[in-house]
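Listed here are the chains, written in short residue letters.
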Amino acid sequence: KVDVFVSLRSEGTADVTVTLNTPMVEGYLAAVKQMCESYGLPNDVTAATLTGLPDVFCLDKPQVDEEQLQKDLLVVTEQALENFDAMRRTEGKALEMDLRSRGQTILGLVEKIEEGSAQTVTDYRTRLEEKLKEVLASTAIDEARILTEAAIFADKIAVDEETVRLRSHLNQMDTMLTAGGALGQEMNREANTVGSKCSDVRLARVVVDIKAELEKIREQTQNIE
């Protein structure tokens, strides 16, 4: 919706003609003369007195060509709208670049999550093995039990499904930015699920960074039209 308000202002007075309203002046003079004769008053009417009375002068202003005025208004209005659209396209391109950049940043953080998740399982197995050695002392360690415990732990913290979906959502966002159209995503839910599975503080911080980028994307999408 576009509202346009137009106000007209006269530039200069070259086209305005001022003429004396003779019938009105004669009427004033006759009325004054009659008043003076009826009440014995001096007739001291001056030009200054007359010019202060209403409708003594007539102002002849040229008629506005409304058809031409409308054409002129449409020309400048169209130009203004074209400039507006150009500005919005420029802003939209900047938003597109920003969203793509944040998408790439999130992909990089997802890679850290995937790499760190595997390392977390390795570290857990190492700690478990060291703990068992400490507790069992000289008793032989059951390697099968360690593998089982590590597998159970790995299953608990597995984020493969969530990271795959995150990658899919980001790819779809990239497609949307190229082809246009509407697309609803739930990237924040995937990030929350990953965060709930992270037992490593370092990975938890990466998840916080992902959510911060997602929030920035959400804010930027409010500016898209």
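Counting starts from 1 at the beginning of each chain's written sequence and moves along it residue by residue. Note on the predicted model: pLDDT of at least 70 is required for a residue's local features to be given, and 80 or more for side-chain atom pairs to be given and counted; whole-chain, interface and lining totals, by contrast, use all residues. Note: side-chain values were computed over all heavy atoms of the structure, leaving out hydrogens and water.

Peer 1: What am I meant to see in the overall build of the protein here?
Peer 2: Scanning the protein for helices and strands turns up 7 helices and 2 strands. Helix and strand assignments come from DSSP, with helices taken as H or I runs of at least 4 residues and strands as E runs of at least 2, each series counted from the N terminus. Reading the protein from its N end, one meets helices and strands in the order β-α-α-β-α-α-α-α-α. Per-residue burial over the protein gives 21% buried out of 225 residues. Residue pairs at least 24 apart in sequence account for 72% of intrachain contacts in the protein once pairs closer than 6 positions are excluded. Working note: accessible area of the protein is about 16500 Å², and carbon and sulfur atoms make up 54% of it. The cut-offs for exposure are 20% and 50% of the maximum accessible area for each residue type, with area from a 1.4 Å probe on protein chains only; residues under the lower value are buried, those over the upper are exposed, and the others partly exposed. Note on contacts: a residue pair is in contact if any heavy atoms of the two residues lie within 4.5 Å. Only the protein chains shown count as cover for residues, and all accessible areas are computed by the Shrake-Rupley method using a 1.4 Å probe.

Peer 1: What is the right way to look at the pattern of salt bridges in this model?
Peer 2: Any two side chains of opposite charge can pair if their charged atoms end up close together. Note on definitions: salt bridges are taken to be side-chain nitrogens of Lys or Arg within 4 Å of carboxyl oxygens of Asp or Glu. Using the criterion set out here, one finds 12 salt bridges in the structure. For E96, the salt bridge is made with K93, and the minimal N-O distance between the two is 3.5 Å. One end of the pair, E96, and the other, K93, are both in helix α3 (residues 66–136), 3 residues apart, so they sit about a helical turn from each other. Where salt bridges share partners, they join K93, E96, R100 and D174 into one cluster.

Peer 1: Please explain the packing of helix α5 (residues 160–179) against helix α6 (residues 187–197) as it appears in this structure.
Peer 2: Two packed helices can be described by the angle between their axes and the distance between those axes. Each axis is a line fitted through C-alpha atoms, taken for helices only over the stretch in contact, and angles between the N-to-C directions span 0 to 180 degrees. At a closest axis distance of 9 Å, the pairing of α5 and α6 adopts a crossing angle of 155°. As judged from the angle between their axes, α5 and α6 are roughly antiparallel. Here the hand of the crossing between α5 and α6 comes out left-handed. Contacts between α5 and α6 involve E162, R165, L166, H169, L170 and M173 on the former and, on the latter, M187, E190, T193, V194 and K197. In the contact of α5 with α6, the residues fall into 5 nonpolar, 2 polar and 4 charged. Here roughly perpendicular refers to angles of 65 to 115 degrees, roughly parallel to angles under 35, roughly antiparallel to angles over 145, and oblique to all remaining angles. Whether a crossing is left-handed or right-handed is set by the direction in which the near helix is turned from the far one by less than a right angle, anticlockwise for left-handed and clockwise for right-handed. Lys, Arg, Asp and Glu make up the charged group, whereas Ala, Val, Leu, Ile, Met, Phe, Trp, Tyr, Cys and Pro make up the nonpolar group; the residues left over, Gly among them, are polar.

Peer 1: In this structure, what is going on with α6? I would like to understand it.
Peer 2: The periodicity of an α-helix, 3.6 residues per turn, causes residues three or four places apart in sequence to face the same way. Within the sequence span of α6, burial applies to M187, E190, A191 and V194. Along the long axis of α6, the arc covered by the buried residues comes to 100°, so they all point the same way. α6 presents R189 and S196 as exposed residues on the side facing more than 90 degrees away from its buried surface. It is the directions from the helix axis to the C-beta atoms whose arc is reported.

Peer 1: Please explain the packing of α6 against helix α7 (residues 201–221) as it appears in this structure.
Peer 2: Between α6 and α7, the least distance of the axes is 10 Å, while the angle of their chain directions is 165°. Overall, the two elements α6 and α7 adopt an arrangement that is roughly antiparallel. Judged by the twist between their axes, the crossing of α6 over α7 is left-handed. Packed against α6, whose contacting residues are M187, N188, A191, N192, V194 and G195, the element α7 presents V207, I210, K211 and L214 at the interface. Classifying every residue of the contact of α6 with α7 by side-chain character gives 6 nonpolar, 3 polar and 1 charged.

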